[in-house]
Amino acid sequence: MSDQVAAAKASEQAASRAALMKLLFFAATLAILPISSYFFSEKYVWSGNSNYAAITAICAANIVLIAYIVVSLMEDKQSFKEAEEKKLSETKKER
C-alpha cells in the first residue's frame, strides 16, 4: 500500500511542477510580448503612431491570456478523461 501512496505523491508533485512551469512560461510571455510588440510595431509597422502600437500591445496581451485559458481547459479536460478511465479500470478489477 505504501508503494501506491508514494507513486501517487510523485505523480502529484510532477503535475504540480508542470503546472508551475506552464504558469511561469505564460507569465513571462505576458510580460515580454506586449512590451516588445509595442516598441516593434511603433517603430516598424505604424511609423511612430503610439496609439496603434498600444492597441497592438493590448491585442498581444489578450492573445496570451486566451492561449493560457485554452491550454488550461484542454489540460483539465485531459485530466478528467484520465480520471474517468482510472475509475472504469478500478471497477473492472473489482468484478
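Rules and cut-offs
- Residues numbered from 1 in each chain as written.
- Predicted model: local features only at pLDDT ≥ 70, side-chain atom pairs only at ≥ 80, totals over all residues.
- Heavy atoms only, no water.
- Helix = DSSP H or I, 4+ residues; strand = E, 2+ residues; numbered from the N terminus.
- Patch = residues over 30% accessible without salt bridge, like charges linked within 9 Å, V, L, I, M, F, W, Y side chains within 5 Å.
- Areas by Shrake-Rupley, 256 points an atom, 1.4 Å probe, with all protein chains shown as cover.
- Salt bridge = Lys/Arg side-chain N within 4 Å of Asp/Glu carboxyl O.
- Buried < 20%, exposed > 50% of the residue type's maximum accessible area, 1.4 Å probe, protein only.
- Polar contact = N/O pair within 3.5 Å; in protein donor to acceptor, adjacent residues only side chain to side chain.
- Contact = heavy atoms within 4.5 Å.
- UniProt positions renumbered as here; feature names shortened; annotations may be inferred.
- Lys, Arg positive; Asp, Glu negative; His and termini not counted.

Per an unreviewed UniProt entry, the chain goes by the name Vacuolar ATPase assembly integral membrane protein VMA21 and belongs to Suillus subaureus.

Before going further, it helps to spend a moment on unusual backbone geometry. Even without being glycine, Ser47 reaches a positive phi, approximately 55°. Residue placement: Ser47 occurs in the loop between α1 (2-45) and α2 (50-94).

The next subject is a nonpolar patch on the surface. Taken together, the side chains of Phe40, Tyr44, Val45, Trp46, Tyr52 and Ile55 define a hydrophobic patch exposed on the protein surface, amounting to about 650 Å² of accessible area. Contributing elements (two or more residues each) for the nonpolar patch: α1 and α2. Ranked by residues supplied to the nonpolar patch, first place goes to α1 with 3 residues. Relative to the assigned elements, Tyr52 resides in helix α2. Accessibility expressed as a relative area gives 43% for Tyr52, which makes it partly exposed.

With that settled, consider the side chain of Ser37. You can see Ser37 is positioned in helix α1. With relative accessibility at 15%, the residue Ser37 sits in the buried group. At a separation of 2.9 Å, a polar atom in the side chain of Ser37 contacts the main-chain carbonyl oxygen of Pro34. Residues within four places of Ser37 in sequence aside, it is in contact with Thr56, Ala57 and Ala60.

On to the pattern of salt bridges. Opposite charge on two side chains allows them to pair when their charged atoms are near. Enumeration according to the criterion identifies 1 salt bridge in this entry. The partner of Lys22 in a salt bridge is Glu75, with the nearest N and O atoms 2.0 Å apart. Taken together, the residues span a long stretch of sequence, with Lys22 in helix α1 and Glu75 in helix α2 at a distance of 53 residues. Exposure remark for Lys22: the relative accessible area of 22% places this residue in the partly exposed category. Given a relative accessible area of 37%, Glu75 falls into the partly exposed group.

Following the UniProt record, one finds the feature "transmembrane region" (unreviewed entry) at residues 20-40 and 52-71. Helix makes up 100% of residues 20-40 and strand 0%. Its end C-alpha atoms lie 30 Å apart. Split by type, residues 52-71 is 100% helix and 0% strand. Its first and last C-alpha atoms lie 29 Å apart.

Turning our attention to the side chain of Glu42. Relative to the elements of secondary structure, Glu42 occurs in helix α1. Although Glu42 is buried, it makes no salt bridge; Lys43 carries the closest opposite charge, 9.5 Å away. Excluding its chain neighbours within four sequence positions, the residues that come into contact with Glu42 are Ser47, Gly48, Asn49, Ser50 and Ala53.

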